[in-house]
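Take a look at the letters that make up each chain.
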Amino acid sequence: MDALVLLGSLFALIAIGLPVAYALGAAALVGALWIDIPWEAVMLKISDGVRNFSLLAIPFFVLAGAIMAEGGMARRLVALANVFVGFIRGGLALVNILASSFFGCISGSSVADTSSIGSVMIPQMVRAGYPRVFATNVTIAGSVQAILIPPSHNAVIYSLAAGGTVSIAHLFLAGFLPGLLLGLSLIGLCIFIARRRGYPKGEPVPLRQALRVVVEAFYGLLTMVIILGGILSGVFTATESAAVACIYAFLVTMFVYRDYHWRELPKLIHRVVKTVAMVMILIGFASSFGYIMALMQLPAQVTAFFLTLSDNKYVILFLINIMLLVLGCLMDLAPLLLICTPILLPVVKSFGVDPVHFGMVMLVNLGIGLITPPVGATMFVGCAIGKVTIEQVTREIWPFYVAMLVVLGLVTYVPEISLFIPSLVKF
């Protein structure tokens with residue numbers, strides 16, 4: 001009955017149109033009232049939820065990605081990707097995916113990736129003769145890599161939702177191979193489609209021009225080296241690396257590339273502050289919601305429920321994947337991480353699943369939700385940039401879903417894909 005009151009109030013509030021963050025806070029108050037807990041305790045948990053030092057990584061990563069995106073980094077990464085794969089049949093689709101891989105190493109955001117890379121690549125692909133819907137689908141599918149590739153701020157949110165017991169640095173390292181696998185699967189799909197439909201191929205980039213493109217893009221890609229190099233060398237923590245990357249991104253954008261005007265900087269900071277404020281509000285209310293869930297012993301009840309279904313961890317992981325795929329269609333990624341992680345992590349840990357591995361399973365799963373109607377945020381942004389309707393995109397995106405579900409299966413049932421690189425590094 002406790003679970004019914006808490007979760008029922010949450011979904012009822014969302015159903016009547018209350019934003020998810022406020023629905024979490026209100027549901028926590030309803031749950032506290034039901035189990036006779038003072039509301040002051042809920043308020044204290046909201047405050048505690050946003051006082052975690054590790055959370056500082058989120059605004060720094062968001063600001064660094066925004067500065068580089070606005071400063072012409074997306075255009076330079078597209079040019080770099082064109083050097084490597086632009087000459088292949090369907091090359092612009094491959095350029096799109098590879099540029100998303102590069103940009104994901106800077107932004108850590110699927111929506112930012114779609115907005116930046118899509119605004120450059122979709123018009124370019126359309127001019128070259130690619131269907132507008134196909135160009136949009138390539139863009140939004142490729143942008144899911146940013147969820148996995150470090151510095152993914154969603155990995156920071158997962159670490160927080162796991163109670164701080166999962167290392168952010170290990171999650172960053174764990175995302176490399178799943179992100180690479182996702183990118184390669186999409187590239188293979190695009191090559192197959194391009195050959196069947198006879199899409200054009202570009203011309204090889206002359207060596208001198210290629211060298212100039214590599215040098216220009218190098219300054220931006222060095223952001224990833226700073227982040228991971230600093231963490232792995234022990235020079236600074238994940239949070240400190242985010243601050244250093246932010247300063248570096250500012251210096252490169254304003255003094256090296258010089259494509260961004262100083263007068264536009266306050267507007268950029270204002271947008272970043274709005275984004276970060278929404279994330280922090282969500283985290284604070286989700287912390288109070290998780291506190292009430294813990295008092296109601298909801299994670300233990302869910303674990304007991306799954307144990308009644310099966311004692312095979314592969315079956316349990318399959319059922320969890322199905323559940324997350326359905327939930328991903330109905331809710332955004334960050335709220336689901338904050339809600340589902342405290343519930344599901346004890347379940348999978350009881351079956352011996354590594355928390356870092358499960359983090360990658362959740363990120364791939366919920367990343368697919370970002371490009372799934374009816375509430376896929378990345379899909380909405382891609383449709384707006386590509387000037388196509390959600391219905392048009394949905395009718396033709398199924399091959400990309402198939403490729404991504406194959407990757408999800410591999411990441412779920414081959415834990416070494418996620419755990420190999422973290423196993424090589426000891427902190």
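Basis of the calculations
Residues numbered from 1 in each chain as written. Predicted model: local features only at pLDDT ≥ 70, side-chain atom pairs only at ≥ 80, totals over all residues. Heavy atoms only, no water. Helix = DSSP H or I, 4+ residues; strand = E, 2+ residues; numbered from the N terminus. Buried < 20%, exposed > 50% of the residue type's maximum accessible area, 1.4 Å probe, protein only. Contact = heavy atoms within 4.5 Å. Areas by Shrake-Rupley, 256 points an atom, 1.4 Å probe, with all protein chains shown as cover. Lys, Arg positive; Asp, Glu negative; His and termini not counted. Charge placed at Lys NZ, Arg CZ, Asp CG, Glu CD. Patch = residues over 30% accessible without salt bridge, like charges linked within 9 Å, V, L, I, M, F, W, Y side chains within 5 Å. Salt bridge = Lys/Arg side-chain N within 4 Å of Asp/Glu carboxyl O. Arc of directions from axis to C-beta. Phe/Tyr/Trp six-rings, centres within 6.5 Å; stacked < 30°, edge-to-face > 60°. UniProt positions renumbered as here; feature names shortened; annotations may be inferred. Core = buried A, V, L, I, M, F, W, Y, C linked by side-chain atoms within 4.5 Å. Expected span 1.5 Å × (residues − 1). Axes fitted to C-alpha atoms, helices over the stretch in contact; angles between N-to-C directions. Left-handed = near helix turned anticlockwise from the far one by under 90°. Nonpolar A, V, L, I, M, F, W, Y, C, P; charged D, E, K, R; others polar. Parallel < 35°, antiparallel > 145°, perpendicular 65-115°, else oblique.

### Here we look at the overall build of the protein
The secondary structure content of the protein amounts to 23 helices and 0 strands. Along the three orthogonal principal directions, the C-alpha set of the protein runs to about 70 × 45 × 45 Å. Per-residue burial over the protein gives 53% buried out of 427 residues. Considering only residue pairs separated by 6 or more positions, the protein has 78% of its internal contacts joining residues 24 or more positions apart. Within the structure as shown, the protein displays about 18100 Å² of accessible surface, and the carbon and sulfur contribution to it stands at 68%. The distance from the centre of the 23 positive side-chain charges to the centre of the 17 negative ones in the protein is 14 Å.

### Structural notes on a nonpolar patch on the surface
A grouping of Y314, F318, I322, V326, L330, W398, V402, V406, L410, Y413 and V414 is seen on the molecular surface, where their side chains present a nonpolar patch of about 1000 Å² in accessible area. Put simply, the parts of the chain that give the nonpolar patch at least two residues each are α17 (313–328) and α22 (398–413). If you tally residues by element for the nonpolar patch, the top one is α22, at 5 residues. Within the secondary structure, V402 is located in helix α22.

### Remarks on helix α20 (residues 377–386)
Within an α-helix, residues lying three or four positions from one another point in the same direction, as the helix has 3.6 residues per turn. Among the residues making up α20, those that are buried are T378, M379, G382, C383 and G386. Taken end-on, α20 shows its buried residues confined to a sector of 130°, consistent with a single buried face. Considering only its buried residues, α20 is in contact with α7 (110–127), α8 (132–142), α21 (390–396) and α22. Backbone geometry just downstream of α20 places K387 in the positive-phi region, at approximately 55°.

### Quick word on the packing of aromatic side chains
A complete count under the given rule lists 13 aromatic pairs for this structure. Relative to Y199, the ring of Y130 has its centre 5.1 Å away and its plane inclined at 50°; by these criteria the two rings are tilted. Residue Y130 is located in the loop between α7 and α8, and its partner Y199 is located in the loop between α12 (176–197) and α13 (207–233); the two are separated by 69 residues in the primary sequence. You'll find Y130 and Y199 in the same group, each marked buried. Ring plane angle 45° and centroid distance 5.1 Å describe the contact between F134 and Y199, whose orientation is recorded as tilted. Note that F134 is positioned in helix α8 and Y199 in the loop between α12 and α13, a separation of 65 residues in sequence. Each of the two residues, F134 as well as Y199, counts as buried. Within the aromatic cluster, the residues linked to one another by ring pairs are Y130, F134, Y199 and F400.

### Topic: the UniProt feature "domain: TRAP C4-dicarboxylate transport system permease DctM subunit" (unreviewed entry) in the protein
Per the UniProt record, "domain: TRAP C4-dicarboxylate transport system permease DctM subunit" (unreviewed entry) is annotated on residues 7–417. Secondary structure across residues 7–417 divides into 79% helix and 0% strand, with the first and last C-alpha atoms of the span separated by 34 Å.

### Let's talk about unusual backbone geometry
Note that the residue after P150, namely P151, is joined by a cis bond; omega there is 10°. Mapped onto the elements of the fold, P151 is located in the loop between α9 (145–148) and α10 (153–161). Positive phi is not limited to glycine here, since D36 has a value of about 65°. Inspection of the secondary structure puts D36 in the loop between α2 (20–34) and α3 (39–49). By relative accessible area, which is 68% here, D36 ends up exposed.

### A look at the nonpolar core
F134, F172, I320, F358 and F400 are the most contacted members of the largest nonpolar core, which has 152 residues in total. Those residues in contact with I320, other than ones at most four positions away along the chain, are F306, L344, V347, V348 and F358.

### As for the pattern of salt bridges
This structure, assessed with the given rule, holds 2 salt bridges. Two residues, R76 and E216, come together in a salt bridge whose shortest N-O distance is 3.8 Å. Within this pair, whereas R76 is found in helix α5 (residues 73–85), its partner E216 is found in helix α13, the two being separated by 140 residues in sequence.

### Brief notes about the environment of D259
Tracing the backbone through its elements, the reader meets D259 in the loop between α14 (238–257) and α15 (265–295). Judged by its relative accessible area of 34%, D259 falls in the partly exposed class. Residues D259 and L327, 68 residues apart in the sequence, show an inter-C-alpha distance of 41 Å. D259 has contacts with G71, G72, R75, R76 and T253, leaving out every residue within four places of it along the chain.

### What to know about α12
Along its 22 residues, α12 runs 32 Å from first to last C-alpha, staying within 8% of the 32 Å computed at 1.5 Å per residue. Among all positions of α12, only P178, G179, L182, G183, L186, I187, L189, C190, I193 and A194 are buried. Downstream of α12 by one or two residues, G198 has phi in the positive range, about 70°.

### Overview of the packing of α10 against helix α18 (residues 333–350)
Here α10 crosses α18 at 35°, and the two axes come no closer than 9 Å. The element α10 and its partner α18 pack so that their crossing is right-handed. Across the interface between the two elements, N154, I157, Y158, L160 and A161 from α10 touch L333, A334, L337, L338, T341, P342 and L345 from α18. In the contact of α10 with α18, the residues fall into 10 nonpolar, 2 polar and no charged.

### Focus: the side chain of S418
Assignment of secondary structure puts S418 in helix α23 (residues 416–424). Taking relative accessible area as the criterion, S418 reaches 0% and is therefore assigned buried. Residues within four places of S418 in sequence aside, it is in contact with A174, P178, H357, M360 and V411.

### Digging into the packing of helix α6 (residues 91–107) against α12
As a packed pair, α6 and α12 sit with axes 9 Å apart at the nearest point and diverge in direction by 170°. Looking at the two axes, α6 sits roughly antiparallel to α12. Every residue of α12 that contacts α6 at A93, L94 and I97 is listed here: G183, L186, I187, C190 and I191. Residues that form the contact of α6 with α12 fall into these classes: 7 nonpolar, 1 polar and no charged.

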